[in-house]
Amino acid sequence: MPKKRLGQHFLADANILGVIGRLAELDSDDVVLEIGPGLGILTRYLADRVGHVHAVELDRTLEPQLADLTVRPNVDLHWGDALALDLGSLVPAPTKLVANLPYNVATPIVAESLAGLRNLDLWCVMVQREVADRFFASPSTKAYGAVSVLVQLAARRTGFHPVARTVFRPPPNVDSALIAFRRVALPDGFARIKTLVEASFAHRRKTLPNSLALSGLASREQAAAALESIGRLAEARAEALSPHEFVALAEALEP
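Report on the accompanying structure. What you are looking at is a predicted structure, and each value in this text was computed from that prediction instead of being measured.

1. Some details on the overall build of the protein
Within the protein, the regular secondary structure consists of 10 helices and 9 strands. Projected onto its principal axes, the C-alpha positions of the protein cover 60 × 35 × 30 Å. Burial status across the protein gives 51% buried among its 255 residues. Put simply, 64% of the contacts in the protein that link residues at least 6 apart link residues at least 24 apart. Just so you have it, the protein exposes about 11,700 Å², and 51% of that area is on carbon and sulfur atoms. One way to put it: in the protein the 27 positive side-chain charges average out to a point 6 Å from where the 28 negative ones average out.

2. What about helix 10 (residues 243-253)?
Buried within helix 10 are the following residues: P243, E245, F246, V247, L249 and A250. In this structure, the buried side of helix 10 is in contact with helix 6 (146-154), helix 7 (190-201), helix 8 (208-215) and helix 9 (220-229).

3. Observations regarding the sheet that holds strand 5 (residues 96-100)
Ordered by their spatial adjacency, 7 strands build an open sheet running 4-3-2-5-6-9-7, and the pairing between neighbours is mixed. A strand with exactly one partner marks an edge of an open sheet, and here the two such strands are strand 4 (75-79) and strand 7 (155-163). Recorded for the sheet is a direction-independent mean angle of 20 degrees between the axes of neighbouring strands. Note: strand 2 (residues 31-35) against strand 3 (residues 52-57), 5 bridges, orientation parallel. Looking at strand 3, one finds that E34 is bridged to A55.

4. A closer look at the pattern of salt bridges
In this structure the tally under the stated criterion is 14 salt bridges. Salt-bridge contacts for K96 lead to D30; the nearest nitrogen and oxygen are separated by 2.9 Å. Of this pair, K96 sits in strand 5 while D30 sits in the loop between helix 1 (15-23) and strand 2, placing them 66 residues apart in sequence. Residue K96 shares its accessibility class with D30, and that shared class is buried. Where R44 meets D68, a salt bridge forms, and the shortest distance between an N and an O atom there is 2.8 Å. With R44 in helix 2 (residues 41-47) and D68 in the loop between helix 3 (63-66) and strand 4, this pair connects stretches of sequence that are 24 residues apart. If you follow the salt bridges from partner to partner, you end up with E25, D121 and R182 in one network.

5. Quick word on unusual backbone geometry
In this structure, P92 follows V91 across a cis peptide bond, with omega equal to -5 degrees. Assignment of secondary structure puts P92 in the loop between strand 4 and strand 5. Positive phi outside glycine occurs at S140, with the angle close to 65 degrees. Within the secondary structure, S140 sits in the loop between helix 5 (129-135) and helix 6. Exposure remark for S140: the relative accessible area of 52% places this residue in the exposed category.

6. A word on the packing of helix 7 against helix 10
One can describe the packing of helix 7 onto helix 10 by two numbers: an axis separation of 10 Å at closest approach and a directional angle of 105 degrees. Taken together, the axes of helix 7 and helix 10 lie roughly perpendicular to each other. Here R192, I193, L196, V197, S200 and F201 of helix 7 lie close against helix 10, whose contacting residues are F246, V247, L249, A250, E251 and L253. Among the residues forming the contact of helix 7 with helix 10, the class breakdown is 9 nonpolar, 1 polar and 2 charged.

So, how was this worked out
In this numbering scheme, every chain counts its residues from 1 along its sequence in written order. Selection of residues for local features in this predicted model requires a pLDDT of at least 70, selection of side-chain atom pairs for listing and counting requires 80 or more, and totals for whole chains, interfaces and linings are taken over all residues. Side-chain metrics in this entry use all non-hydrogen atoms of the structure; hydrogen atoms and water are not considered. A helix here means a DSSP run of H or I that spans at least four residues, while a strand means a run of E at least two residues long, and both kinds are numbered starting from the N terminus. Here the term buried applies to any residue with accessible area under 20% of the maximum for its type, exposed to any over 50%, and partly exposed to those in between, with areas from a 1.4 Å probe on protein chains only. Contact between two residues is taken to exist if any of their heavy atoms lie within 4.5 Å; hydrogens are not considered. Computed with the Shrake-Rupley method and a 1.4 Å probe, the accessible areas treat only the protein chains shown as cover for residues. When charges are counted, Lys and Arg are positive and Asp and Glu negative, with His and the chain ends excluded. The atom standing in for a charge is NZ when the residue is Lys, CZ when it is Arg, CG when it is Asp and CD when it is Glu. Each pair of strands is called paired provided DSSP finds at least two bridges between the two strands. As a rule, the C-alpha atoms of each element are fitted with a line to give its axis, helices using only the stretch in contact, and angles between N-to-C directions run from 0 to 180 degrees. The salt bridge definition used is simple: a Lys or Arg side-chain nitrogen within 4 Å of an Asp or Glu carboxyl oxygen. Under this scheme an angle from 65 to 115 degrees is roughly perpendicular, one under 35 degrees roughly parallel, and one over 145 degrees roughly antiparallel; angles in between are oblique. Gly counts as polar in this scheme, as do all residues outside two lists: the nonpolar Ala, Val, Leu, Ile, Met, Phe, Trp, Tyr, Cys and Pro, and the charged Asp, Glu, Lys and Arg.

So, in structure tokens, the structure goes:
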């Protein structure tokens, strides 16, 4: 039985698997990380097509439904919270993240994997439609936020496919989408940029100097001077800056 508190909506329509396979550009050499295998429908599809699958599941009550996967030589089941496990130590190292992500952890999983899993080259994830729209939202839009900046600095979008609610059990009350994106080179100092971006959007209704001062990253005066050095007014808010302007802002704020 899917657990609402875990954001579980299990894949129940095998027709969507072909779309996932196409957007994920699956290859026999791939090492795939799947978070939230649920009943294992996608896991079995992946295992038949790629070199290795690491499937991470939090819900131990699903063990009987996944038992047949334990005898597959190219599948490793990892039990635990994907946000707490050391996924960077998996061997072989995952090269793709392909998953129907649990709704309640989809955004942090993607955000943390950008720099935390440097071997990942491609993401193909099923998420809420509004989350998918957020990943590649444009500046000065309601959907644009910290995760938009971070994803766009780390990747380029390669595919998008709306998904009907009927492919899940139970059907969710929101629309979903498959979104695929491929890694580009991370800018230097990505960890520092990530901290700046998250602090900038922590108080998105405030001006950037006020938001950064509240977060303790810079004084209002330092932030205002840094903004002016990149051609922005001191009254600018986080949502106005493009991803690459955040890179420039981080450089301007460096001691």
